[in-house]
Amino acid sequence: GTGLPIRLSTDLLNWSLDGQVFATQPSWITTTDSTSPNDLWAPDISYFGGQYHVYYAASTFGSNTSCIGHATAASLSSPTWMDRGAVICSSSSDDWNAIDPAAVVDPQGQVWLAFGSFWSGLKLIRLDDQGARMGTEFYSLATRDNTAVEASYIVFHDGFYYLFESVDFCCQGLSSNYKIMV
């Protein structure tokens, strides 16, 4: 939504609006829909390197002209979010989509960002300890024959990495077959 709305709950049942990450959209963003240019979506929040990191998508629905942005805050108590700009962007000439970010810290303390939606599937890049992209390496994680895969999330547990992904199609009423796979 507009400026990445923040919700607050003390019991995980009742939620209230508690501001937004951005009062105005960062000026570097040019990839959102012209009818709702301040709408940012699919945020992911992580804590590493001594600060909180929010990664989010700036995109027009159904387009792979997209960017993943990054903001940081020292605390979640009355946070002041600092825009850190784009981590990665895709364009219509790319065969991948820069949306649905999810950061993960591996057992060695290295930070990674999983992302992607449709086109050629889910991707992975390395981040530095401040949350910015590190290097140019680009890894493919998964795709499907119908390319309907998105919203990756990686968990390391008991010596194994688990890749969660949303697959198939949502938002089609009774014809929806959207589901999470591991």
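Right above here is the structure, for reference.
Residues numbered from 1 in each chain as written. Predicted model: local features only at pLDDT ≥ 70, side-chain atom pairs only at ≥ 80, totals over all residues. Heavy atoms only, no water.

S.K.: Sorry, what's going on with the nonpolar core here?
M.R.: As a rule of thumb, soluble globular proteins bury nonpolar side chains together. Membership of the largest hydrophobic core comes to 13 residues, with the highest contact counts inside it found for Y55, I68, I88, L113, I125 and L127. Listing elements by their share of this core, those giving two or more residues are β6 (82-90), β8 (111-115) and β9 (122-127). Membership of the second largest hydrophobic core comes to 11 residues, among which are V21, F22, Y56 and A71. (Core = buried A, V, L, I, M, F, W, Y, C linked by side-chain atoms within 4.5 Å. Buried < 20%, exposed > 50% of the residue type's maximum accessible area, 1.4 Å probe, protein only. Helix = DSSP H or I, 4+ residues; strand = E, 2+ residues; numbered from the N terminus.)

S.K.: Help me out: how do you make sense of the sheet that holds strand β11 (residues 149-157) in this one?
M.R.: Adjacent strands of a sheet pair through backbone hydrogen bonds, lying either parallel or antiparallel. Pairing is antiparallel in the open sheet, where 3 strands are placed in the order β11-β12-β13. With partners counted over all chains shown, the strands left at the sheet margins are β11 and β13 (179-181), one partner each. On average, each strand axis in the sheet is inclined to that of its neighbour by 20°, with strand direction left out of account. Relative to β13, strand β12 (residues 160-167) runs antiparallel, the two being bridged by 3 bridges. Note on β13: the bridge partner recorded for E165 is M181. (Pairing = 2+ DSSP bridges. Axes fitted to C-alpha atoms, helices over the stretch in contact; angles between N-to-C directions.)

S.K.: What am I meant to see in the pairing of β8 here?
M.R.: Strand residues, when the strand is regular, have side chains that alternate between the two faces of the sheet. Within β8, 5 of the 5 residues are buried, which leaves it mostly tucked inside the rest of the structure. A two-sided burial pattern is seen for β8, the buried positions comprising V111, L113 and F115 on one face and W112 and A114 on the other. Judged from the 4 bridges that link them, strand β7 (residues 102-105) and β8 form a sheet pairing that is antiparallel. Looking at β8, one finds that V104 is bridged to W112. Linkage of β7 to β8, two consecutive antiparallel strands, is achieved through a turn of 5 residues, within which G109 is found at a positive phi near 90°. The sheet contact formed by β8 and β9 spans 5 bridges and is antiparallel.

S.K.: Just to check I follow, could you spell out a nonpolar patch on the surface for this structure?
M.R.: A cluster of nonpolar side chains, namely Y153, F160, Y162, F164, I180 and V182, defines an oily patch on the protein surface of about 630 Å² accessible area. Broken down by element, the nonpolar patch gets its largest block of residues, 3 residues, from β12. The topology assignment puts V182 in the segment after β13. We classify V182 as exposed; its relative accessible area is 64%. (Patch = residues over 30% accessible without salt bridge, like charges linked within 9 Å, V, L, I, M, F, W, Y side chains within 5 Å. Areas by Shrake-Rupley, 256 points an atom, 1.4 Å probe, with all protein chains shown as cover. Salt bridge = Lys/Arg side-chain N within 4 Å of Asp/Glu carboxyl O.)

S.K.: Just checking my understanding: could you explain the environment of Y139 for this structure?
M.R.: By secondary structure assignment, the location of Y139 is in strand β10 (residues 139-142). Y139 sits 16 residues away from K123 along the chain, and the two C-alpha atoms are 5.5 Å apart. Looking at Y139, its side chain comes within polar contact range of the side chain of E137, at 3.2 Å. (Polar contact = N/O pair within 3.5 Å; in protein donor to acceptor, adjacent residues only side chain to side chain.)

S.K.: What is the right way to look at the side chain of T31 in this model?
M.R.: Looking at where T31 falls in the secondary structure, it is placed in the loop between β2 (16-20) and β3 (41-48). Taking relative accessible area as the criterion, T31 reaches 8% and is therefore assigned buried. In this structure the side chain of T31 is engaged in a polar contact, spanning 2.6 Å, whose partner is the backbone oxygen of A58. When neighbours within four sequence positions are excluded, T31 is seen to be in contact with A58, S59, T60, T65, S66 and C67. (Contact = heavy atoms within 4.5 Å.)

S.K.: Please clarify how the packing of aromatic side chains should be interpreted in this entry.
M.R.: Where two aromatic rings form a pair, the distance of their centres and the angle of their planes describe that pair. By the definition in use, this model includes 8 aromatic pairs. Here the aromatic rings of W96 and F138 are separated by 4.9 Å at their centres, their planes lie at 55°, and the arrangement is tilted. Highlighted residues: W96 in the loop between β6 and β7 and F138 in the loop between β9 and β10, separated in sequence by 42 residues. Overall, F138 belongs to the partly exposed group, its relative accessible area being 30%. Arranged with centres 6.0 Å apart and planes meeting at 65°, the rings of W112 and Y139 form a pair that is edge-to-face. Within this pair, whereas W112 is found in strand β8, its partner Y139 is found in strand β10, the two being separated by 27 residues in sequence. Members of the aromatic cluster, each reached through a chain of ring pairs, are W96, F115 and F138. (Phe/Tyr/Trp six-rings, centres within 6.5 Å; stacked < 30°, edge-to-face > 60°.)

Taken by themselves, the reported measurements are silent on function.
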